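# Summary of structural features
Spelled out from the first residue to the last, the chains are:
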Amino acid sequence: MTTAMMTKTWTVEMRFEEDADHCHAMAMVRTASGEELRGHGSARRNPVDRPVARIGEEVAGARALSNLAHELLEYAAAEIESNVRRGDPAV
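Residues numbered from 1 in each chain as written. Predicted model: local features only at pLDDT ≥ 70, side-chain atom pairs only at ≥ 80, totals over all residues. Heavy atoms only, no water.

## Comments concerning the overall build of the chain
In plain terms, the rule: Labels follow the DSSP assignment, with helices taken as runs of H or I lasting at least four residues and strands as runs of E lasting at least two, numbered in each case from the N terminus. In this description, contact between two residues means that some pair of their heavy atoms is separated by no more than 4.5 Å.
Helix and strand counts for the chain stand at one helix and three strands. Counting helices and strands in the order they occur from the N terminus, the chain gives β-β-β-α. Each of the three principal axes of the chain carries a C-alpha extent, and together these read 60 × 30 × 20 Å. Put simply, of all contacts in the chain between residues at least 6 apart along the chain, 42% involve residues at least 24 apart.

## A few points about the sheet that holds strand 3 (residues 36–44)
As a general point, the strands of a sheet are linked pairwise by backbone hydrogen bonds and lie either parallel or antiparallel. Filter applied, for reference: Here a strand pair is declared whenever DSSP counts at least two bridges between the two strands. Lines fitted to C-alpha atoms define the axes here, with helix axes fitted over just the stretch in contact, and angles between the N-to-C directions of these axes take values from 0 to 180 degrees.
Here three strands make up an open sheet; going across it, the order is 1-2-3 and the pairing antiparallel. Whereas interior strands pair on both sides, the edge strands pair on one side only; in this sheet they are strand 1 (13–18) and strand 3. With direction set aside, neighbouring strand axes in the sheet form an average angle of 15 degrees. The pairing of strand 2 (residues 22–30) with strand 3 spans nine bridges and is antiparallel. Residue His22 lies in a different strand from strand 3, and its bridge partner there is Arg44.

## So, the pairing of strand 2
Here six bridges tie strand 1 to strand 2, and the two strands are oriented antiparallel to one another. Looking at strand 2, one finds that Arg15 is bridged to Met26. Counted between consecutive antiparallel strands, the loop separating strand 1 from strand 2 contains three residues. From the end of strand 2 to the start of strand 3, which pair antiparallel, there are five residues, and Gly34 there has a positive phi angle of about 95 degrees.

Fair warning: the whole summary comes from geometry, so function is off the table for now.
Take a look at the structure:
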């Protein structure tokens, strides 16, 4: 017996706000149920370093994605707990 394979795509949106010394990133994904999850990350330029915006975006972006991953795990854990308490079968 062969089980059909499904492919799904999630799109993560990244936004950045920055000045010469600071960068803040926000990563957002929408779950299948329509819930919008967000992760935030920041980076600060060391005063002795040259201002290279790309580096601040990479660091802040990585931190935002890491934070988003934690948010998604917490969301999934709440979904699992909700289904266990209701006795619903896995979908």
